[in-house]
Amino acid sequence: MYGALWRLMPGPLWLRIILFILFFVIVLGVLVVFVFPWLNTFVNVNDVTVGDQ
Amino acid sequence: MLGIIGELLITAGVLVFLFLGWQLWLNDLIVGSDQNKAGVALAQGWGSPKPAPDAGAGDKDYGDPVVGTAPANATQFAVMYIPRFGADYSRSVSEGVGTKDVLDKNGIGHYPGTQMPGQVGNFAVAAHRTTHGAPFHQLATLQVGDRIYVQTQDGYYTYVFRGLEYVRPTGVGVLDPVPQSPGVAPTDRLMTMTSCNPMYSASERIIAYASLESWQPISAGAPEEILATVTAKG
């Protein structure tokens, strides 16, 4: 999967490395801004109050 | 084929770690910083932290603290400063302790039905220990004598930390006017802070107790220890 992605990248080696890193940074950005906050609404570890709730 | 499945599984594993790192560290940094700024903005809307010219210098006894009335649910009515948690710590306190509408959004919540800051009895609050800005992340680092300042539109209430207690989630006795003493009439002005325990679990609660040491009106200016925090630019 990542091998195919690597072969798809154009250009000489140094350009491929830069594009690869750029690709992951963008994916990380999408994750942090959209995916993780959405996932966070499902994971409720914390109940911090005392009471019968 | 197997190579792709392997890579997908590894990717899924890495994603889980990334999510945990985000949820338990990065997001708390970001949201915590936002909450600090919101707290300072709220506080500065109540009046200048600098003392009024006719306030007089030095320690002054301002008499019994002014006690406010509890506002509607999810309304931010106070700002809490805890120097032990950092010089920029300034989180707002909202009425109510609903998870979705108060604790996840605003920060610290005030148990409805418990007393207000400065009131004889128990001013009880709750906040997340991890996630959603984690206002009470460092609750266990408090040491006897640490000051906790609560500012409302009426003034600054200085509480002093006394001790910690660990209870079960059903331990509602800590919310009594005299904590853990049902039916006893209160004579002291106390504050109770609750959060979950151990750090990444909700199987118990950690309780921090503090008692009121002094109070001063807004016109007297912010207490010296938090003056820099309250005057900070957003």
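As a starting point, this report considers the structure included with it.

Definitions and cut-offs
Residues numbered from 1 in each chain as written. Chains lettered and ligands numbered in written order. Predicted model: local features only at pLDDT ≥ 70, side-chain atom pairs only at ≥ 80, totals over all residues. Heavy atoms only, no water. Helix = DSSP H or I, 4+ residues; strand = E, 2+ residues; numbered from the N terminus. Buried < 20%, exposed > 50% of the residue type's maximum accessible area, 1.4 Å probe, protein only. Areas by Shrake-Rupley, 256 points an atom, 1.4 Å probe, with all protein chains shown as cover. Lys, Arg positive; Asp, Glu negative; His and termini not counted. Charge placed at Lys NZ, Arg CZ, Asp CG, Glu CD. Core = buried A, V, L, I, M, F, W, Y, C linked by side-chain atoms within 4.5 Å. Pairing = 2+ DSSP bridges. Salt bridge = Lys/Arg side-chain N within 4 Å of Asp/Glu carboxyl O. Polar contact = N/O pair within 3.5 Å; in protein donor to acceptor, adjacent residues only side chain to side chain. Axes fitted to C-alpha atoms, helices over the stretch in contact; angles between N-to-C directions. Contact = heavy atoms within 4.5 Å. Parallel < 35°, antiparallel > 145°, perpendicular 65-115°, else oblique. Nonpolar A, V, L, I, M, F, W, Y, C, P; charged D, E, K, R; others polar. Buried area = accessible area lost by both parts, 1.4 Å probe.

## Quick notes on the overall build of chain B
So, step 1. Looking only at helices and strands, one finds 3 helices and 8 strands in chain B.
So, step 2. Counted from the first residue to the last, chain B has its helices and strands arranged as α-β-β-α-β-β-β-β-β-β-α.
So, step 3. For chain B, the spread of C-alpha atoms along the principal axes amounts to about 80 × 45 × 35 Å.
So, step 4. When burial is assessed residue by residue, chain B has 47% of its 234 residues classed as buried.
So, step 5. With the model as given, the accessible surface of chain B reaches about 10700 Å², and the carbon-plus-sulfur share is 60%.
So, step 6. Side chains of chain B carry 14 positive and 20 negative charges; the gap between the two charge centres is 3 Å.

## Comments concerning the nonpolar core
All names here are of chain B.
So, step 1. Ranked by size, the top nonpolar core spans 27 residues in total, and within it Met80, Phe136, Ile148, Tyr159, Met191 and Met193 carry the most contacts.
So, step 2. Elements represented by at least two residues in this core include exactly strand 1 (76-81), strand 4 (121-126), strand 5 (147-151), strand 6 (155-167), strand 7 (189-197) and strand 8 (204-217).
So, step 3. The dominant element in this core, judged by the number of residues it contributes, is strand 8, at 5 residues.
So, step 4. In terms of nonpolar packing, the next biggest core, distinct from the first, is built from 14 residues, Val102, Ala126, Ile207 and Tyr209 among them.

## Digging into the pairing of strand 1 of chain B
Residues and elements named next belong to chain B.
So, step 1. For strand 1, the buried fraction is high: 5 of the 6 residues fall into the buried class.
So, step 2. Where strand 1 meets strand 2 (residues 91-95), 4 bridges bridge the pair, whose relative direction is antiparallel. Within strand 2, the residue paired with Met80 across the bridge is Arg91.
So, step 3. Here strand 1 runs beside strand 5; their pairing, made up of 3 bridges, is antiparallel. Considered in strand 5, the bridge of Val79 is made with Gln151.

## Topic: the pattern of salt bridges
Residue and element names in this part refer to chain B.
So, step 1. For the structure on display, the rule yields 3 salt bridges over all chains.
So, step 2. A salt bridge links Arg189 to Asp64; the nearest nitrogen and oxygen atoms lie 3.5 Å apart. Of this pair, Arg189 sits in strand 7 while Asp64 sits in the loop between helix 1 (2-44) and strand 1; the two residues are 125 residues apart in sequence, bridging distant segments of the chain.
So, step 3. Classification of Arg189 as partly exposed rests on a relative accessible area of 22%.
So, step 4. Across the pair Arg84 and Asp146 runs a salt bridge, and its minimum N-O distance is 2.7 Å. One end of the pair, Arg84, is in the loop between strand 1 and strand 2; the other, Asp146, is in the loop between strand 4 and strand 5, and 62 residues separate them in sequence.
So, step 5. Owing to a relative accessible area of 36%, Arg84 belongs among the partly exposed residues under this scheme.

## Remarks on the side chain of Glu95 of chain B
Residue and element names in this part refer to chain B.
So, step 1. Within the secondary structure layout, Glu95 lies in strand 2.
So, step 2. At 16 Å, Lys105 is the nearest oppositely charged side chain to Glu95, a buried residue that forms no salt bridge.
So, step 3. Polar contacts involving the side chain of Glu95 include one to the side chain of His110, which spans 2.7 Å.

## Points about the sheet that holds strand 8 of chain B
All names here are of chain B.
So, step 1. With mixed pairing, 8 strands are arranged side by side around a closed barrel as 1-2-3-4-7-8-6-5. The sheet shows a mean angle of 30° between the axes of neighbouring strands, taken without regard to direction.
So, step 2. Along the sheet face, helix 1 touches strand 1, strand 2 and strand 5 and points at about 115° away from the line of strand 1.

## Quick word on the packing of helix 2 (residues 13-40) of chain A against helix 1 of chain B
So, step 1. Running from N to C, helix 2 of chain A and helix 1 of chain B cross one another at 80°; their axes reach a closest spacing of 10 Å. Classified by the angle their axes make, helix 2 of chain A and helix 1 of chain B are roughly perpendicular. Contacts between helix 2 of chain A and helix 1 of chain B pair Leu28, Leu31, Val32, Phe36, Pro37, Leu39 and Asn40 of chain A from the former with Leu15, Leu18, Phe19, Trp22, Gln23 and Asn27 of chain B from the latter.
So, step 2. Residue composition of the contact of helix 2 of chain A with helix 1 of chain B, grouped by class: 10 nonpolar, 3 polar and no charged.

## Concerning the interface of chain A and chain B
So, step 1. Between chain A and chain B, the residue contacts involve 19 residues of the former and 38 residues of the latter.
So, step 2. Counting the surface lost from both chain A and chain B, the interface buries some 2200 Å², and carbon and sulfur atoms represent 60% of this.
So, step 3. On the surface where chain A and chain B come into contact, there are 5 residue pairs in polar contact (both at pLDDT 80 or more).
So, step 4. When contributions to the side of chain A that touches chain B are tallied by element, the ones reaching two or more residues are helix 1 (2-8) and helix 2 of chain A.
So, step 5. Here the side of chain A that touches chain B takes 7 residues from helix 2 of chain A, the largest share from any one element.
So, step 6. Here the residues of the side of chain A that touches chain B sort into 12 nonpolar, 6 polar and 1 charged.

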